[in-house]
Each structure stands twice: as structure tokens, then as C-alpha cells.
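Remarks on the overall topology
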Amino acid sequence: MNVLLWHVHGSWTTSFVHGKHRYLVPVTPDRGPYGLGRARTYPWPESAVEVSPDELRTAEVDLVILQRPEELDLAERWLGRRPGRDLPAVYVEHNTPKDGAVPDSRHPMADRDDLLVAHVTGFNELFWDTGATRTTVIDHGVVAPAGEYTGELPRLAVVINEPVRRWRVTGTDLLPRFAEIAPLDVFGMKVTGLAEHLGLSADRLASHDDLPQHRLHAELGRRRAYLHLCRWTSLGLSLIEAMSIGMPVVALAATEAAMAVPPGAGALSTRVDALLDAARRFVDEPAEARRAGAEGRAAARDRYGLDRFLADWDRLLEEEVCASR
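Residues numbered from 1 in each chain as written. Predicted model: local features only at pLDDT ≥ 70, side-chain atom pairs only at ≥ 80, totals over all residues. Heavy atoms only, no water.

With respect to helix α13 (residues 306-323)
Look at α13: 26 Å from first C-alpha to last across 18 residues, which is about the 26 Å you get at 1.5 Å a residue. Considered for burial, the residues of α13 that qualify are Leu 306, Phe 309, Leu 310, Trp 313, Asp 314, Leu 316, Leu 317, Glu 320 and Val 321. For α13, the secondary structure elements touched by its buried residues are β1 (2-5), α1 (10-16), β4 (63-66), β5 (89-93), β6 (116-119) and β7 (134-137). (Helix = DSSP H or I, 4+ residues; strand = E, 2+ residues; numbered from the N terminus. Expected span 1.5 Å × (residues − 1). Buried < 20%, exposed > 50% of the residue type's maximum accessible area, 1.4 Å probe, protein only. Contact = heavy atoms within 4.5 Å.)

What about the sheet that holds strand β9 (residues 184-188)?
Spatial ordering of the open sheet is given by β10-β9-β8-β11-β12-β13, a layout of six strands whose pairing is parallel. Looking at which strands have only one partner, the edges of the open sheet turn out to be β10 (205-209) and β13 (266-269). On average, each strand axis in the sheet is inclined to that of its neighbour by 20 degrees, with strand direction left out of account. In this sheet, β13 lies alongside strand β12 (residues 249-252) in parallel orientation, the contact comprising four bridges. Paired with Ala 251 across the bridge in β13 is Leu 268. (Pairing = 2+ DSSP bridges. Axes fitted to C-alpha atoms, helices over the stretch in contact; angles between N-to-C directions.)

Considering helix α3 (residues 71-79)
Taken as a whole, α3 has its buried residues at Glu 71, Leu 72, Leu 74, Ala 75, Trp 78 and Leu 79. Looking straight down α3, one finds its buried side chains confined to an arc of 165 degrees; they lie on one side. Each element contacted by the buried residues of α3 is listed here: β1, β2 (22-26), α2 (53-56) and β4. Phi turns positive one or two residues past the end of α3, at Gly 80, with a value near 75 degrees. (Arc of directions from axis to C-beta.)

Things to note about the nonpolar core
Residues Trp 12, Phe 16, Ile 65, Leu 175, Phe 178 and Trp 313 are the most contacted members of the largest nonpolar core, which totals 82 residues. Residues in contact with Phe 178, not counting those within four places in the same chain, are Leu 156, Leu 184, Leu 227, Leu 229, Val 250, Val 272, Leu 275, Leu 276 and Ala 279. Counting residues in hydrophobic clusters, the runner-up holds 20 residues, among them Leu 4, Val 51, Ala 59 and Val 61. (Core = buried A, V, L, I, M, F, W, Y, C linked by side-chain atoms within 4.5 Å.)

Now the structure itself:
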């Protein structure tokens, strides 16, 4: 199939474009949010092809993947065809509701009979009210990281994009308490200057801004344990990748993390003191950290493997295309 989708979430899109189809990725001269084109810090196969808005007018497209509400009108304008009416469309919902109306949050694609909403977690499907719109859940899948866990550095790793702007959502406010246990390495977009913002010294928190994926995985694996302190986000792929590398996990038992992290893979709790104790234990006991990490790795590669993810998506795409004929 020829599948049109925008490059919105780098890790998820990286997994998605590893399938057997041809992926048309819009690109604009400014490479802005609606024309980012191919990834620059993730390895993508050649089957992911950049296309300009002008080229889309005559492009052969079998199905459209939508990920933001405004893409519905944008796709109609660029294609000259209405997704859901003139060609099949699937709306991928990556996020938990954030409109303040939880648990009565109405999805922007609610009560439609022309598309299907595919949630990336069961938690998201549970908390979004999509009305009469058909829904399904396809759990995340990740390309198996090349990095291997060594845990040689008695430090804690965190991956957060925009930790200052997102603050309590991503648990940024909790980081100073963990910095008392061990030095922190924070990876992600717009993390530079985080130590100063939190009032921490550089020896307690180091920032690593927007590393290429292969370097990120290599650096994560050198740290003793992985922190996941998100209060209200969808399931971060960096958490799954850290588990796949073999890192023990210290995580808030919130949203889908409670389902993704098995008990033996680290520590899950809504009590921060319990997580502080677990972080201290992993830093002080490398053998225990390695044992927990190995259990998490086996679980992550079983549930969130790329082959399962792509097979689930192939089945869904074929069903949607066949149903439209």
C-alpha cells in the first residue's frame, strides 16, 4: 500500500515505517510541523519517501494515517480527496486527554462513521470518549535497540522532551529528590539548562540535548537505572526502549506504565518515597539492578516487539482498505 502520514512522533513513526508498505511523508521547504519530512536523528528505511504538497495532488494513496485533528482538512486540501470519504483513514491517538474534563473528555474525532480511532494504549481508549466512532488498540512496538545494558555508571537516566514547559505532567518537579540519591542524566529535547532551572549543580544533573537514537540508547545502557516520573502522559516509547536495553525501571504507577512494567522489572508505585528507596537500592546493588533489568528486557521484547506491532498494523490497514472497496 501507499500510506500517507505526517512525521509527528519520531519513535512511533520509526517503528511504523519499518513495515512492508510505501510511506509518503509530507515535506515543506521550512520543514515545519506539517512538513517535517524524513527523520534526521532516527534510522528510517528507504520505503519512507518525502513528498511535497504539490506532489500529493497526483500521488497514489491507499490510506491516510491522521494524528492531529487539523490533518483532516490539510489532507483534503493537499490530496484533493477527503480522508474517510474518498479513501480510508485511521486516526492514531497518541495522547491522554488534556482538556480538563477527565473522565468525560470528548475526543475530537468522536461520533464519526468515516474513520477509525486507533489508540496506542488501552488506558487512552478507556479515558477518551469517542462516542459512536469505532476504536481499537494497537500497543506500541519498538525497533530493538542496539545498545546493551552495562549499568557501569551509578547514575539515574531520564528521557523527557521539554521538561520545563511540561513540568508536573512529566514529573520534572520530582527530579531534585532523586538527585539526592544519585546524579541524574536527563536526555531529550530542550533539556539544556534544566539543572539551573531546578537549582541543582551540574554534578547532580547533566543535560544531553536531542541525541541521535543510536547514541541515546548507548548512553542509557551505561546508567544504573531508568526513571519514569510522568504523571499524565501516554506510554513513552523511551520507557519501553530502556526496558528493551535491559535497564531496571523506577516508575510512577500512572496511566499505562502500570501495565507496561512487570513487577519484577523494577519498582512501580504512586508513593515517591517508595521509588526513592528503589532507586537507592539499584544504585547500591548492581547485581539486583541487572537482575531486574533482565526481567524487564524479556517482558518488553515479548509484548512490544516490532514484528507484533507491524503485524497488528498490517491486519488493520488491510481490513480498512478492503472495507472501503
